[in-house]
Amino acid sequence: MAKSMSILMLLFLLAFAPLCLCSKMLGGYLYPQFYDYSCPQAQEIVKSILTKVVAEEPRMAASLLRLHFHDCFVKGCDASLLLDSSGSIISEKGSNPNRNSARGFEVIDEIKAALEQECPYTVSCADILALAARDSTVLTGGPNWEVPLGRRDSLGASISGSNNNIPAPNNTFQTILTKFKLQGLDLIDLVALSGSHTIGDSRCTSFRQRLYNQSGNGEPDFTLDQNYAAELRPRCPKSGGDQNLFFLDYVTPTTFDNSYFKNLLAYKGLLNSDEVLFTKNQESAELVKLYAERNDLFFEQFAKSMIKMGNISPLTGSRGEIRKTCRKINT
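Cut-offs used in this document
Along each chain, residues carry numbers from 1 onward, in the same order as the chain's sequence is written. Under the rules for a predicted model, residues below a pLDDT of 70 receive no local features and side-chain atom pairs below 80 are neither given nor counted, while totals for whole chains, interfaces and linings still include all residues. To obtain the side-chain values, all non-hydrogen atoms of the structure were used and water was disregarded. UniProt positions are given in the numbering used here, feature names are shortened, and annotations may be inferred rather than shown by experiment. Secondary structure is summarised from DSSP: a helix means a run of H or I of at least four residues, a strand means a run of E of at least two, and numbering begins at the N terminus for each. Think of it in three bands: with a 1.4 Å probe and only protein chains considered, a residue is buried below 20% of the maximum accessible area for its type, exposed above 50%, and partly exposed in between. N or O atoms closer than or at 3.5 Å make up a polar contact, with two conditions inside protein: a donor-capable atom paired with an acceptor-capable one, and, for residues adjacent in sequence, both atoms drawn from side chains. We call two residues in contact when some of their heavy atoms are within 4.5 Å. Only a pair of cysteine sulfur atoms within 2.5 Å qualifies as a disulfide here.

- You'll find the protein entered in an unreviewed UniProt entry as Peroxidase, with Abrus precatorius given as the organism.
- UniProt, in the comment section headed Function (unreviewed entry), describes the protein in these words: "Removal of H(2)O(2), oxidation of toxic reductants, biosynthesis and degradation of lignin, suberization, auxin catabolism, response to environmental stresses such as wounding, pathogen attack and oxidative stress. These functions might be dependent on each isozyme/isoform in each plant tissue."
- Recorded under Catalytic activity (unreviewed entry), the UniProt text for the protein is reproduced unchanged: "2 a phenolic donor + H2O2 = 2 a phenolic radical donor + 2 H2O".

Right, here's the structure in full:
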């Protein structure tokens, strides 16, 4: 009898071993086929809306990619960033990294409304952000990947987390790396994900210190090519023009490619947080050189790092909720 029970137990464990392994590999309960039965048109709806939006405004691709990043670094990938202030909720949209710069919320609203019409209370806002980030990358010429799905939406926000956890343009290399490591991301992820700055814009206020007083003694930042700096100064004066926009990648600003890394090698990274990848750490500098030479390796690692970032502390199972509108909780 004991022998029979042992055999049955062994068969039971063997039967469920692949399932357990699969769950671990796919990051808990996240897997690409999550909506195959509950909302089979979900990914196509997201893609069709984004195709139209990005064709009309190419900059929106970078904005949506940034939303996913800024969401995941605060309480995990749970769409907390999308919540407006109401009741006890203080919106993360007002934090230093997001105020006057985070955008694309209306696009997420449009996607959510279309999905609610197709399959109500089914597709989370957190998953919409993850899919929008992937599709924005692909639509601008970047790599494709299967997005693990099944996230649920948070019931609150954290403006303090948004202020403290998201890397800032003037952070030191070590501070940026520490903020990545606190999210379970490593130096390779840092360099690869920074490559998303191959598309999009930045405001004058985010890099002005590099043009005039980076070191605190009135000297310009000599890790910035001085001819490039001279081109930037007219539209980014010592005072005023804070909101003036500049391409993060001046070579191919709307194409997702490895020009960003080539710019760093030429000391033409717009933000201090970009250029330090080449100037402040030998290991990251070697990765910059590698990705500047091999676009295929950059694409491969970017996809891996995006999947890894998208798996930061997701709400699954019965935690959180599926919001009807992304700007407010259901109850």
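Text resumes after the structure shown.
## Overview of the side chain of serine 305
Right, so step 1: Summarising the element assignment, serine 305 is placed in helix α14 (residues 295–309).
Right, so step 2: Under the relative-accessibility criterion, serine 305 is labelled buried at 0%.
Right, so step 3: Within the structure, serine 305 has its side chain in polar contact with the side chain of aspartate 189 (distance 2.7 Å).
Right, so step 4: What serine 305 contacts, discounting residues up to four positions off in sequence, is Ile188, Asp189, Ala192 and Leu193.

## Quick notes on the UniProt feature "binding site: Ca(2+) 2" (unreviewed entry) in the protein
Right, so step 1: Per the UniProt record, "binding site: Ca(2+) 2" (unreviewed entry) is found at Thr198, Asp249, Thr252 and Asp257. Spanning 60 residues, the named residues form one tight spatial group whose C-alpha atoms are at most 9.8 Å apart.
Right, so step 2: Along the chain, threonine 198 falls in the loop between α8 (187–194) and β1 (201–203).
Right, so step 3: Threonine 198 gets classed as buried once you look at its relative accessible area, which sits at 0%.
Right, so step 4: The residues touching threonine 198, leaving out its near neighbours within four places in the chain, are Asp249, Thr252, Pro253, Thr255, Phe256, Asp257 and Tyr260.
Right, so step 5: Summarising the element assignment, threonine 252 is placed in the loop between β2 (245–247) and α11 (259–265).
Right, so step 6: Residue classification places threonine 252 among the partly exposed residues on the basis of a relative accessible area of 22%.
Right, so step 7: Threonine 252 has contacts with Thr198, Asp257 and Ser259, leaving out every residue within four places of it along the chain.

## Here's the deal with the state of the cysteines
Right, so step 1: Within this structure, the stated rule accounts for four disulfides.
Right, so step 2: The residue that forms a disulfide with cysteine 39 is cysteine 119, at a sulfur-sulfur distance of 1.8 Å. Linking cysteine 39 in the loop between α1 (2–25) and α2 (42–56) with cysteine 119 in the loop between α4 (105–118) and α5 (125–139), this pair joins segments that are 80 residues apart in sequence. Each member of the pair cysteine 39 and cysteine 119 is classed as buried.
Right, so step 3: Paired by a disulfide, cysteine 125 and cysteine 326 hold their sulfur atoms 2.1 Å apart. Across the S-S bond of cysteine 125 and cysteine 326 the torsion is about -95 degrees, and the bridge reads as left-handed. Residue cysteine 125 is found in helix α5, and its partner cysteine 326 is found in the segment after α14; the two are separated by 201 residues along the sequence. Accessibility assignment for this pair places cysteine 125 and cysteine 326 in one class, buried.

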